[in-house]
Amino acid sequence: MGELSIYPKIAVLMSTYNGELYIKEQIESILRQKNVEVYLYIRDDGSTDRTEQIVRKYTGENNVFYKKGKQNLGPGKSFMHLLYTVGKIDDYQYYAFADQDDIWLEEKLISAVNMLDNDYIPQLYCSNQIIYENEREKGLRFKELPDLSLIGHLTRSDISGCTMVLNRRLAEEIIKKKCPERDILNLRLHDTFIFLTAALIGEIKYDNNSYIRYRIHADNTVGIKKKTVFGRIGRALKRGMPYKNLRMKTAKFLLDNYSICDQEQREKIGLANVNMRLKLLFGENYMLEIFSNPGEGTEIRITLKKIER
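The structure presented is a predicted model; accordingly, all values stated were derived computationally and were not measured. (Residues numbered from 1 in each chain as written. Predicted model: local features only at pLDDT ≥ 70, side-chain atom pairs only at ≥ 80, totals over all residues. Heavy atoms only, no water.)

Novice: Any details on the sheet that holds strand E5 (residues 103-104)? Residues and values, ideally.
Specialist: Overall, mixed pairing links the four strands, which are arranged E5-E11-E7-E8 in an open sheet. Edge positions in the sheet fall to E5 and strand E8 (136-140), since each of these pairs with one other strand and no more. The sheet contact formed by strand E7 (residues 130-133) and strand E11 (residues 212-215) spans three bridges and is parallel. Its bridge partner lying in E11, isoleucine 131 is registered against tyrosine 214. (Pairing = 2+ DSSP bridges. Helix = DSSP H or I, 4+ residues; strand = E, 2+ residues; numbered from the N terminus.)

In structure tokens:
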């Protein structure tokens, strides 16, 4: 039997796609993490550049494991494939996601571990980000606390997967359910789904500090993208497609698969689902407003309210 480590064991999950420009710097920053025992699992999602050659130089002696994916799944499905695969290994106390192009400060993982303080409750750590562009730090992404609510993340996602660390209990709760369909993950990605799950069944631990340089460049696969004319046109066209229906599909998936959430949570998800349908019918300027008069003979009125902008 091998010698027990005095440090927490963390499986870091990275999906790669044509990442040759920055991946060497990122891998080395992950391997330099202090006071944790890191195991880096990399799944390539169909790269055609030198990503594989660069990664293979680290496999073997550095606790780095590499797998060439048989098909291109897209980032959301590829990351979830890693979690569902590595999550079945009993050795790890924590799981973290890593993008291929960021730079981690040495205290990133241990800072998360120090905030995840209950092994019996599903917990998710997430943090602020240091915007990093043209090899320079541009300050923190969030000046104020971002929306961490369940409803907020059904309609909008501000928390990035590259900041997330899951305790083992949360990972176990996720992987014992079926994985969301690819169309949901293509829109909402793995990080939104994991955040929603943690909000439903566990606790969110947010750190306003940042231990990650979040690189902004024209080829960002997910997250904050460097704005270009073609990028804005593409996003505008996408908004015209039936992608909003997938937000409703996400809400239905949560209702169908997480029966342990309480009635109040179910009502919130259901209301968010209805509001998303209203936006499809009437546009972005309308939402449901509920008035109730608690007590005997409770009166509940539901009205369609125009949002003043």
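Structure's up, so let's keep going.
Novice: Hey, could you go over the packing of helix H3 (residues 75-86) against helix H6 (residues 168-175) for me, with residue numbers and the actual values?
Specialist: Interaxial distance between H3 and H6 falls to 10 Å at its minimum, and their mutual angle equals 105°. Considered as vectors, H3 and H6 are oriented roughly perpendicular to each other. Across the interface between the two elements, Met80, Leu83 and Tyr84 of H3 pack against Ala171, Ile174 and Ile175 of H6. The class makeup of the residues in the contact of H3 with H6 is six nonpolar, no polar and no charged. (Axes fitted to C-alpha atoms, helices over the stretch in contact; angles between N-to-C directions. Parallel < 35°, antiparallel > 145°, perpendicular 65-115°, else oblique. Contact = heavy atoms within 4.5 Å. Nonpolar A, V, L, I, M, F, W, Y, C, P; charged D, E, K, R; others polar.)

Novice: Would you mind going over the side chain of threonine 197 in detail, with residue names and values included?
Specialist: Within the element layout of this structure, threonine 197 appears in helix H7 (residues 182-201). Overall, threonine 197 belongs to the buried group, its relative accessible area being 0%. Setting aside residues up to four positions removed in sequence, threonine 197 forms contacts with Leu170, Ile174, Gly202, Leu254 and Tyr258. (Buried < 20%, exposed > 50% of the residue type's maximum accessible area, 1.4 Å probe, protein only.)

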